[in-house]
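# Overview (structure and organization)
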Amino acid sequence: MAYTTINPYTGELIKEFPNATDTEVTQAIDSAHKAFLAWRTTPFADKAAILSKAATILRDNKRQYAKLLTLEMGKVIAEAEAEVELSAQILEYYAEHTERLLAPQKLPVADPAEGEAILVHDPLGVLLAIEPWNFPYYQIARILAPQISVGNTLLLKHASNVPQCAAAFEGLMRDAGLPQGVFQNLYATRDQIEYIINSPKVHGVALTGSEGAGAIIAAQAGKALKKSTLELGGADAFIVLEDAELPKTIDWAVFGRHWNAGQVCVSSKRMILVEAIYDEFMQGYIKGVEALKAGDPMDPTTTLAPLSSQAAADEVKQKVRDAVKHGATATEVGPKVPEKGAFVQPTILTNVTPDNPAYYWEFFGPISMILKAKDEQEAIDIANDSPFGLGGSVFTADNKRGLAVAKQVSTGMMFVNHPTMVKADLPFGGVRRSGYGRELIGLGLKEFVNHKLINVVDINAPF
C-alpha cells in the first residue's frame, strides 16, 4: 500500500509518502488514549470554538484546499470548492448543536418508587476512521466533527491516493487549536489496521469504502468485540414517472449521474423509466450527456473530470465490457474524452436484464444504466431488486404520489424530485450491502457513545 500523489489528469507522480512504522502506530494509539482522558471532559463550548475556527480557516483558504482535491483525485475545481464549503458546514453544525443533542434524557417511569431515571451519552474513547478518496475532506469531516464533539479521539487511515488531503485536514484541526492526540493522520498498512482494531485502547471503527473492505473490517471488529459502522456501495434508483416534469428531471439526471465523474456512492446509477416517457427522456438525456465537457479539472469550463486513477478508469471500462459480454448494449455518448488522463467515455447501458450479472453491479464512473418499467409498481419492484440500499429518488408532478413511492423503496434515503443529496443537517447511511449505521446529525453523533442509565432511587423505596 503506497501512499502517493498521482495527478489523475496528467498521470504525473507528484509525491510519495512512507508507510507508518509500527512504533509510530503504537505511539499514535497511546497519544490518542492519553488525549481522550482530558478531552472527554472538555466543555462543549471549548470544542465548539475549535470546530468553528476550523470552518473559518477552510472558508478563508477555500481555493487552496480545493486545489489539493483537484490535484490528488481529479475533482473539477468548482466541485472541489463545494466540498470545502460542505465540510465547513458540517463542522459548524456540530459546533452549534452538539450540546443540545447530547443533553441528558429524563426517562418516564411507571412507578415513582423507581426514582428518577436519566440517560446520558458518554464517549467511548479512541476510534479508527478508514476513509475513501472520492470526497477526501467531506469524508473526514462527517466522522471527525461528531466524534470529537462527543469527546472521543480519532485515528485516521485515509485512502492511499489522497495522502496530502489527509495531512492537510490534520493540519487544519491543529491550526484550529485541537489538542495534540485528539485527531491524528496515519499512513497505516493493512496489517497495522488490524493491530489498531485489536488494541484495548481502541473502541470502535468507522469505514466508508467497498463491500470487500467492509466485510474485512467488520469481521476484524467483530472478532475484537468492537463497535463498527460501514458505509459501502450503492446503486441508487432514479425513478421517472409519466407525470414528471421532463426537462428539469433530465437536467437532474445528467447531474445526478455525472457529478464527481460518477464516483459517488449515491449518484443516480440506475435510471428506471416508465415506458410512457422512455423515448422522450432518452432523447433529452443523451443530449444532456453530450453537452458535458471533459478536460482539465482546473479549467472552470470543465464539467466532466477524469476518474481518480488510471486503475479506477480501467476497472470501469472492464466492467462495461463484461456487461456487454452478458448481453447488454453499451452506447458511448458525446465527444471523445481526452486520451491523456484517467478519463472514461460517458456510456449508456441498455438491455441489461436480471440474468446479466451487471444488473446488480455498481458502476463507479460515468456509466448510466437505463431500465424500462411498464408502470409505477414495476418501477418500484425494479428499484428494490438490488443488493444495495443506500439512496434513491423518484420524479413526479404529484408530491403525495412521490412520497408514497418513496416509502415503498427499500433504502436508507429517498428524495422526491431531487437526486440523493448530501447536506450537513441530513442523516446519511443505508441498508443491506450498502452497510449499517448512520452518519451526521444526532444519529451520527451517538454511534460511538455509551448510552448510560443513571437511576436515582430513594433508599427507602420498597423491595
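Described below are features of the structure shown in this document. Bear in mind that the values here come from a model prediction, so they are computed numbers and not experimental data.

### Some remarks on the packing of aromatic side chains
- Counted by the stated rule, this structure contains 15 aromatic pairs.
- For the pair Trp252 and Phe255, a centre-to-centre distance of 5.9 Å together with 75 degrees between the ring planes defines the contact as edge-to-face. One end of the pair is Trp252 and the other is Phe255, both in helix H9 (residues 246-258) and 3 residues apart, which spans about a single turn.
- In this structure Phe255 comes out as partly exposed when scored by relative accessible area, which is 40%.
- Each member of the aromatic cluster is reached from another via a ring pair, and the members are Phe135, Tyr138, Trp252, Phe255 and Trp259.
- A cation over an aromatic ring shows up here: Lys47 above the ring of Trp39, its NZ or CZ 5.6 Å from the ring centre.

### Some words on the sheet that holds strand S10 (residues 237-240)
- Here 7 strands make up an open sheet; going across it, the order is S12-S13-S14-S11-S10-S15-S16 and the pairing mixed. Two strands in the sheet have a free side with no partner beyond their single neighbour: strand S12 (329-332) and strand S16 (415-416).
- The pairing of strand S15 (residues 392-395) with S16 spans 2 bridges and is parallel. Pairing of Val394 across the sheet is with Val416, part of S16.
- Its contacts with the sheet put helix H11 (residues 310-325) on S12, strand S13 (347-350) and strand S14 (367-373), and the angle it makes with S13 is roughly 30 degrees.

### Structural notes on the environment of Leu128
- Following the sequence through the fold, Leu128 ends up in strand S5 (residues 126-130).
- By relative accessible area, Leu128 is classed as buried at 2%.
- When residues no more than four places from it in sequence are discounted, the contact partners of Leu128 are Leu155, Lys157, Ile193, Ile196, Ile197, Val202, Gly204, Val205 and Ala206.

### Considering helix H2 (residues 44-60)
- Relative to the 24 Å expected for 17 residues at 1.5 Å per residue, H2 spans 24 Å between its end C-alpha atoms, a close match to the ideal helical length.
- By the burial criterion, the buried members of H2 are Lys47, Ala48, Ile50, Leu51, Ala54, Ala55, Ile57 and Leu58.
- Structurally, H2 contributes buried residues whose contacts are with helix H1 (22-39), helix H3 (62-73), helix H4 (77-101), helix H5 (136-150) and helix H6 (163-175).

### A word on unusual backbone geometry
- Of note in the backbone geometry, Asn417 takes a positive phi value of approximately 65 degrees without being a glycine.
- Structurally, the position occupied by Asn417 is in the loop between S16 and strand S17 (435-436).
- Even without a glycine there, the phi angle at Leu440 is positive, about 75 degrees.
- For Leu440, the location among the structural elements is in the loop between S17 and helix H14 (441-445).
- Among the residues examined, Leu440 registers a relative accessible area of 0% and is labelled buried.

Criteria and cut-off values
- Residues numbered from 1 in each chain as written.
- Predicted model: local features only at pLDDT ≥ 70, side-chain atom pairs only at ≥ 80, totals over all residues.
- Heavy atoms only, no water.
- Phe/Tyr/Trp six-rings, centres within 6.5 Å; stacked < 30°, edge-to-face > 60°.
- Helix = DSSP H or I, 4+ residues; strand = E, 2+ residues; numbered from the N terminus.
- Buried < 20%, exposed > 50% of the residue type's maximum accessible area, 1.4 Å probe, protein only.
- Lys NZ or Arg CZ within 6 Å of the ring centre and 35° of its normal.
- Pairing = 2+ DSSP bridges.
- Contact = heavy atoms within 4.5 Å.
- Axes fitted to C-alpha atoms, helices over the stretch in contact; angles between N-to-C directions.
- Expected span 1.5 Å × (residues − 1).

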